[in-house]
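Structural characterization, general
The primary structure of each chain is shown beneath.
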Amino acid sequence: MSTAISTEWVSICPVEDLLANTGLCALHEGEQVAIYKINPCEEYSQNFLYAISNYDPIGKANVLSRGILGNIGNHLVVASPLYKQHFDLFSGECLEDPEHRVKTYEVRCFNDEIQLKKSAQ
Amino acid sequence: MSKQRIIVVGNGMVGHRFIENLVDSPSADSLDVITFSEEPRLAYDRVQLSAYFSGSTADDLALTSEGYYQENGVNYVLNDKVVSINKSKKYVVTASGREEKYDKLILATGSYPFVPPIPGKDQDHCLVYRTIEDLEAITHSAETSKVGVVVGGGLLGLEAASALTNLGLETHVVEFAPRLMAVQLDEGGGKLLRRKIEDLGLTVHTEKNTQEIVAGENCRYRMNFADGSFLETDMVLFSAGIRPQDELAREFDLKMGERGGIVINNQCQTSDENIYAIGECALWDGRIFGLVAPGYTMAKVAVSHITGGTEEFTGADMSTKLKLLGVDVASIGDAHGNTPGAQSYVYTDEVNEVYKRLVVSEDNTRLLGAVLVGDVEVYGNLLQFKLNDMALPDNPEALIAPSVGDAPVMGMDALPDAAQICSCYDVSKGAICSAVQNGCTDVGAVKTETSAATGCGGCAAMVKQVVDSELASLGIEVNNNLCEHFDYSRQELADIIRIKGITTFDELLSEYGTGLGCEICKPTAGSILASYGNEYILKKEHIGLQDTNDIYLGNMQKDGTYSVVPRVPGGEITPEKLIVLGEVAKEYDLYTKVTGGQRIDLFGAQLHELPDIWRQLIDAGFETGHAYGKSLRTVKSCVGSTWCRYGVQDSLSMTIAIEDRYKGLRSPHKVKMAVSGCTRECAEAQSKDVGIIATENGWNLYVCGNGGMRPRHADLFATDLDDETLIKYIDRFFMFYIRTADRLQRTSVWLENLEGGLDYLKEVIIDDKLGICGELESEMTKVIGTYQCEWKTTIEDPEKLKRFSHFINADEPDSNLAFVKTRGQRRPATEEEKITAIEVVE
Ligand SMILES: Cc1cc2nc3c(=O)[nH]c(=O)nc-3n(C[C@H](O)[C@H](O)[C@H](O)COP(=O)(O)OP(=O)(O)OC[C@H]3O[C@@H](n4cnc5c(N)ncnc54)[C@H](O)[C@@H]3O)c2cc1C
Ligand code: HEM
Ligand code: SF4
Ligand code: SF4
Ligand code: FES
């Protein structure tokens, strides 16, 4: 048993609660985090879970977890459900307006649970 | 080395562009910039000002943000006017008493509306049209006004008139000259424009000289004209031209034009070499330029001169193209044919209300000017002929004649690379071509790369032509592909799904597409799959395809909450059900409003509340209203023969039957229907995709109408139908539309693009010319047979309900939501209200 792991990562929910190609929102350290599950697809990602801030800085509402996932060129993106700007899931950058960049989080699947990494103290 | 200090007086469109150019210049680091604005905000898009009346907010109009200025080290002072200049000691003083030294001073003070010196002009409700504050005042005044008069029938005046009409006022335009837009249009063009505008319900009065504005009898004011006539009105909006804002130059002794304007040279310097003037306040070669593009060029020239460049301002083209009250109007160069020897070609079509005039040189080889009203498609081409002084084809009249056979299109190859395509961002043909060569293969990419067509948008068609022609010359095929993931149009994808019997997006993508998909192709495929398969849209294979509204079965509002709209077929509702709606709204504190679709919309529901709300509604016998889907919305109705003294058929029973039949039908765009019980047409059926009007003998069927931005009356499709035939035709009509329309194409646009038009549509649906009517009917039968209320299915499935909470791991609601009470109900708080609310708490 490794206690180190459990202190660094927080479990959010069972991985099957998140349907493929959709997102959900988690409350993590007081912040709203959008977590997505992508169909594993070699070209774009080795991972299948991504986490970025849930706040859409352009629409000014906590909605990014409810956007449509996909790719634009070689960017893996979510389209904001409000005004459809694309946010890169790796960098958090808004493709249409790089002035806007949302926070990204480390996320993983561990023992069939989705986990977010705690921020360094 | 100390930095060079630059002061920009005025943060309007041109002042801001100057600063942008400066920030982007290589010498930006050695400059220290400060700008003063008399207005309470940074630069906004004055050209799009009227969009404020169609819903744009001050934020939408903003050209920049305080963040951008801060990041780039530009100092800005709002709400403070520069009131004096000390030229020898090189400093300015503002109204608040602030003194700032400069090395270079830029006057970008724009202009102000000219208000003729008419007695009575200074009363309340006598307004102008230039700033956001002006528009707020107009909106405010409109609330207590019924009639509005615009003084001035020029370009801006007509725009203002359009705004007043949109605000619901009975609108008049009063013009001193004998015709509208006298500067830009010739007599024929002005006449047609007038006719078109009068068709829209506005009244135009020409050759009227207002003498005084006095108290009115039926309205607030009465305007007395020199010829003895008068007009009563509640509001007067002056739009009688602009005057350069040159008071600083006047008071502090810079050289001025006789009739105003700050004189500048080719470098945009005034009579003091350290002071520049740019934009609408500047006078070059005796001329003021009242458009934004020349101002932008001046901004560029001034930056170039300050940073050691050699660019010069050598005049600008004043051609314009615009849409006034929905009427397209354009004017190029010498529209009046004033050039000695000039000859004209004129084309008039009174039936379709089109007027075009070409003014050509004496030898018939060069274009001098043009006037276009009603159809301005050739504007871009004509402008290029003019700007580049290109030789006209042998038969120039063909440029404006209606296209019988092949019209001579100007090959884009003929255009020189230097030709300016986008005047807002000064993008040349060469720049667009090289963007294409460097990998921009569609207009979207070219727009991002070059900024072309991202200003006024007037050049968009031309940009597309250049892009297409460059792609063609590079041997790249021009396509109407849905998006980067599918090399097919929506119609082709619909065929594939239907013929190959495809049932999931993954299957479609792996066989016919690439990549992962996106927010364009996923909902499109989701909609086609639903049109043919009609499976539960939140099924795990389909859920990721659903657009913003579908995915939570509600319309997402600006703050992330949802609206709840149960179906109320035909608007008929029992008092018991009405009470349930009221009780639910009360329990969840939902903002409640009656929609234009004869039903009731409850706003402000949070994700976690949706299932409980719908459970109560479904228990009371409601169903989802599909207000969130690209699908059938409502069937509007009048009461018809059951109550109405005039009704000849039972329109309400028919309405309820067809709403029930087509509810939930997913389609390329939303579709609306209506049924009227007699020819008086109280249900406004002719503004719907499918409209039905009762006759003595049955039903008349109308198709392909719509309201909205570009209203279109429906076309009469068939007359005196019995119930059964009526339904049969509608079934076929809908399925044919679903099969062949483009993504987000309303039936109106679909019909306009359908080769053969209405006659062809009749052949397909009434005469079964294609032999597909059997198929269309059975497809419809299948969809109807598989209908389910999506909310009912959802609340019965605990797995699906998990998604209806804001957090997967906490029971809290979204902490960013905040509401404010207005007229007894709550609404989302604005960003400002949220900030002040937080301050109060802390
Ligand atoms: C409704 C409307 C529609 C239009 N449509 C079009 C169109 O379709 N196409 C087109 O090309 N043009 C159009 N125009 C014209 C276009 O908006 C102007 O050409 C452009 O805004 C000029 O820019 P500017 O910076 O010179 O002046 P402005 O944008 O007027 O900016 C000047 C700024 O300086 C400020 N100022 C003035 N004096 C001082 C001082 N002493 N101290 C501090 N600040 C000061 C003013 O308050 C103002 O904010 C339209 C204008 C209007 C009003
Ligand atoms: C593309 C342009 C349009 C958009 C984006 C749009 C958007 C919307 C939205 C989001 C709603 C739902 C409000 C809610 O419940 O949350 C709505 C409802 C409505 N809109 Fe529009 N609309 C458009 C054009 C039109 C037009 C052209 C008309 C009529 C001429 C119209 C008439 C209505 C009506 C009657 C309703 C209420 C419908 C109901 O009862 O469900 N809309 N529209
Ligand atoms: S409901 Fe329609 S008209 Fe009203 S604000 Fe929304 S989109 Fe605009
Ligand atoms: S359309 Fe005819 S039947 Fe219907 S309410 Fe109007 S007058 Fe009566
Ligand atoms: S000309 Fe205005 S955007 Fe190109």
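What counts, and where the lines are drawn
Residues numbered from 1 in each chain as written. Chains lettered and ligands numbered in written order. Predicted model: local features only at pLDDT ≥ 70, side-chain atom pairs only at ≥ 80, totals over all residues. Heavy atoms only, no water. Salt bridge = Lys/Arg side-chain N within 4 Å of Asp/Glu carboxyl O. Helix = DSSP H or I, 4+ residues; strand = E, 2+ residues; numbered from the N terminus. Buried < 20%, exposed > 50% of the residue type's maximum accessible area, 1.4 Å probe, protein only. Near = heavy atom within 4 Å. Nonpolar A, V, L, I, M, F, W, Y, C, P; charged D, E, K, R; others polar. Contact = heavy atoms within 4.5 Å. Polar contact = N/O pair within 3.5 Å; in protein donor to acceptor, adjacent residues only side chain to side chain. Pairing = 2+ DSSP bridges. Right-handed = clockwise from strand over helix to strand, strands pointing away. 1 Å grid on protein atoms, 1.4 Å probe; cavity = no way out; pocket = protein on both sides within 12 Å on 5 of 7 lines; lining within 4 Å. Points joined across faces, edges and corners; volume = space filled by probe spheres on them. Buried area = accessible area lost by both parts, 1.4 Å probe. Axes fitted to C-alpha atoms, helices over the stretch in contact; angles between N-to-C directions. Parallel < 35°, antiparallel > 145°, perpendicular 65-115°, else oblique. Left-handed = near helix turned anticlockwise from the far one by under 90°. Phe/Tyr/Trp six-rings, centres within 6.5 Å; stacked < 30°, edge-to-face > 60°. Core = buried A, V, L, I, M, F, W, Y, C linked by side-chain atoms within 4.5 Å. Domains from an automatic or database assignment. Expected span 1.5 Å × (residues − 1).

Section: the pattern of salt bridges
All names here are of chain B. For the structure shown, the criterion picks out 48 salt bridges over all chains. Salt-bridge contacts for Glu831 lead to Lys834; the nearest nitrogen and oxygen are separated by 3.5 Å. With a gap of three residues between them, Glu831 and Lys834 both fall in helix H25 (residues 831–841), about one helical turn apart. Looking at Glu831, the relative accessible area reads 28%, which means it is partly exposed.

Overview of the site of ligand 4
Every residue near ligand 4 is listed here: Cys638, Gly640, Cys644, Tyr646, Gly647, Ser676, Gly677, Cys678, Arg680, Glu681 and Cys682 of chain B. Looking at the shell around ligand 4 residue by residue, the classes come out as five nonpolar, four polar and two charged.

Here's the deal with helix H4 (residues 132–142) of chain B
Considered for burial, the residues of H4 of chain B that qualify are Ile132, Asp134, Leu135, Ile138, Ser141 and Ala142 of chain B. Contacts made by the buried residues of H4 of chain B are with helix H2 (58–61), strand E9 (126–128), helix H5 (155–166) and strand E16 (235–238) of chain B.

Some remarks on the site of ligand 2
Residues and elements named next belong to chain B. Taken together, 15 residues lie near ligand 2, and Gln557, Ser563, Thr595, Arg599 and Asp601 sit nearest. Asn555 is positioned with one of its side-chain polar atoms (N or O) 3.2 Å from an oxygen atom of ligand 2. Within the side chain of Lys672, a nitrogen or oxygen atom sits 3.5 Å from a nitrogen atom of ligand 2.

A closer look at the pairing of strand E2 (residues 31–36) of chain B
Residue and element names in this part refer to chain B. For E2, a buried count of five out of six residues is recorded, marking the element as mostly surrounded by other parts of the structure. For strand E1 (residues 4–9) and E2, the ladder comprises six bridges, and the chain directions are parallel. Looking at E2, one finds that Gln4 is bridged to Leu31. With respect to chirality, the unit in which E1 leads through helix H1 (residues 13–24) into the neighbouring parallel E2 is right-handed. Here three bridges tie E2 to strand E3 (residues 75–77), and the two strands are oriented parallel to one another. Bridging across to E3, Ile34 finds its partner in Asn75.

Brief notes about empty space enclosed by the protein
Tallied over the full model, the rule gives eight cavities of 30 Å³ or more. A volume near 150 Å³ is recorded for the largest cavity. In terms of lining residues, the largest cavity is bounded by 17 residues, among which Gly23, Leu24 and Cys25 of chain A together with Tyr552 and Arg803 of chain B are the most central. When grouped by side-chain class, the residues that make up the lining of the largest cavity number eight nonpolar, five polar and four charged.

Comments concerning the environment of Val463 of chain B
All names here are of chain B. Its location among the elements puts Val463 in helix H12 (residues 460–473). Relative accessible area serves as the criterion here: at 1%, Val463 is assigned to the buried category. In sequence terms Val463 and Ser428 are 35 residues apart; their C-alpha atoms lie 9.8 Å from each other. Residues contacting Val463, with those up to four places away along its chain left out, are Ile421, Ile432, Val443, Val446, Ala452 and Ala453.

A short note on the interface of chain A and chain B
As a measure of interface size, the accessible area lost when the parts come together is often cited. With 37 residues of chain A in contact, the opposing surface of chain B contributes 41 residues. Between chain A and chain B the total buried area reaches about 3000 Å² when both faces are included, carbon and sulfur atoms providing 55% of it. For chain A, the biggest contributors to the area lost against chain B are Leu27, Arg66 and Ile68 of chain A; these three give 24% of the whole. For the pair chain A and chain B, the interface holds two salt bridges. Across the salt bridge formed by Asp547 of chain B and Lys84 of chain A, the nearest N and O atoms sit 2.9 Å from each other. Counting every contact that joins chain A to chain B gives 17 residue pairs in polar contact (both at pLDDT 80 or more).

Let's talk about the sheet that holds E9 of chain B
All names here are of chain B. The parallel open sheet is built from five strands, whose spatial order is E9-E16-E10-E11-E12. Two strands in the sheet have a free side with no partner beyond their single neighbour: E9 and strand E12 (203–205). Within the sheet, the average angular offset between the axes of one strand and its neighbour, ignoring direction, is 25°. In the sheet, strand E10 (residues 147–151) pairs with E16 via four bridges, with the strands oriented parallel. Within E16, the residue paired with Val150 across the bridge is Leu237.

A few points about the packing of helix H19 (residues 723–740) of chain B against helix H22 (residues 773–785) of chain B
Residues and elements named next belong to chain B. Relative orientation of the contacting elements H19 and H22 amounts to 90°, with a least axis distance of 8 Å. Taken together, the axes of H19 and H22 are roughly perpendicular relative to one another. Contact with H19, carried on its side by Lys728, Asp731, Arg732, Phe734, Met735, Phe736 and Arg739, involves Cys773, Glu775, Leu776, Glu777, Glu779, Met780 and Val783 of H22 and no other residues of that element. Residue composition of the contact of H19 with H22, grouped by class: seven nonpolar, no polar and seven charged.

A short note on the packing of helix H13 (residues 490–500) of chain B against helix H15 (residues 521–532) of chain B
The packing of two helices is summarised by the inter-axis angle and the distance between the axes. All names here are of chain B. The interhelical angle for the contact between H13 and H15, taken along N-to-C directions, is 45°, at an axis separation of 10 Å. Between H13 and H15, the angle is such that the two are oblique. For the pair H13 and H15, the sense of crossing is right-handed. Judged by residue contacts, Arg490, Leu493, Ala494, Ile497 and Arg498 of H13 engage Thr524, Ile528, Leu529 and Tyr532 from H15. Grouping the constituent residues of the contact of H13 with H15 by class yields six nonpolar, one polar and two charged.

Some remarks on the packing of aromatic side chains
Residue and element names in this part refer to chain B. Applying the stated rule across the entire model yields 21 aromatic pairs over all chains. Centre to centre, the rings of Trp284 and Phe289 are 6.4 Å apart; their planes meet at 45°, and the pair counts as tilted. The pair Trp284 / Phe289 is uniform in exposure class, with both members buried. Centroid distance Phe733 to Trp750: 5.8 Å. Interplanar angle 75°. Geometry classified as edge-to-face. Note that Phe733 is positioned in helix H19 and Trp750 in helix H20 (residues 747–753), a separation of 17 residues in sequence. Residue Trp750 is classed as buried on the basis of its relative accessible area of 2%. Site record: aromatic cluster; members linked through ring pairs are Tyr662, Phe733, Phe734, Phe736, Tyr737 and Trp750.

So, the environment of Ser30 of chain B
All names here are of chain B. If you trace the backbone, Ser30 turns up in the loop between H1 and E2. Along the backbone, Ser30 and Lys3 are 27 residues apart, and their C-alpha atoms lie at a distance of 5.0 Å. Every residue in contact with Ser30, bar those within four places of it in the chain, is listed here: Lys3 and Gln4. Within the structure, the side chain of Ser30 is placed 2.9 Å from the backbone oxygen of Ser27, a separation counted as a polar contact.

Points about the nonpolar core
Residue and element names in this part refer to chain B. Core analysis: the largest hydrophobic core is formed by 59 residues, its most contacted members being Leu701, Phe734 and Leu761. Split by domain, the residues of this core number at least three in each of domain 3 (490–545) and domain 4 (632–785). Those residues in contact with Phe734 that sit more than four places away from it in its chain are Tyr662, Leu665, Val671, Met673, Val690 and Met780. Counting residues in each nonpolar core, the second largest holds 50 residues, with Leu42, Ile275, Ile278 and Phe289 among its members.

Section: the sheet that holds strand E31 (residues 591–594) of chain B
All names here are of chain B. Here we have four strands laid out as an open sheet, ordered E29-E30-E32-E31, and antiparallel in their pairing. With partners counted over all chains shown, the strands left at the sheet margins are strand E29 (555–556) and E31, one partner each. For strand E30 (residues 562–564) and strand E32 (residues 600–605), the ladder comprises three bridges, and the chain directions are antiparallel. Bridging across to E32, Ser563 finds its partner in Phe603. Docked against the sheet, helix H17 (residues 610–619) engages E30 and E32, running at close to 5° with respect to E30.

Some points on the side chain of Glu659 of chain B
Residues and elements named next belong to chain B. Here Glu659 lies in helix H18 (residues 651–662). Side-chain polar atoms of Glu659 contact the backbone nitrogen of Val635, separated by 3.1 Å. Residues within four places of Glu659 in sequence aside, it is in contact with Arg567, Val568, Pro569, Gly570, Leu632, Arg633, Thr634 and Val635.

Looking at H12 of chain B
Residue and element names in this part refer to chain B. In this model H12 runs 20 Å from its N-terminal to its C-terminal C-alpha over 14 residues, within 8% of the 20 Å that 1.5 Å per residue would give. Among all positions in H12, only Met462, Val463, Val466, Val467, Glu470 and Leu471 are buried. In this fold, the buried residues of H12 make contact with helix H9 (379–387), strand E27 (420–422), helix H10 (429–437) and helix H11 (443–450). Gly475 occupies a position one or two residues after H12 and carries a positive phi of about 80°.

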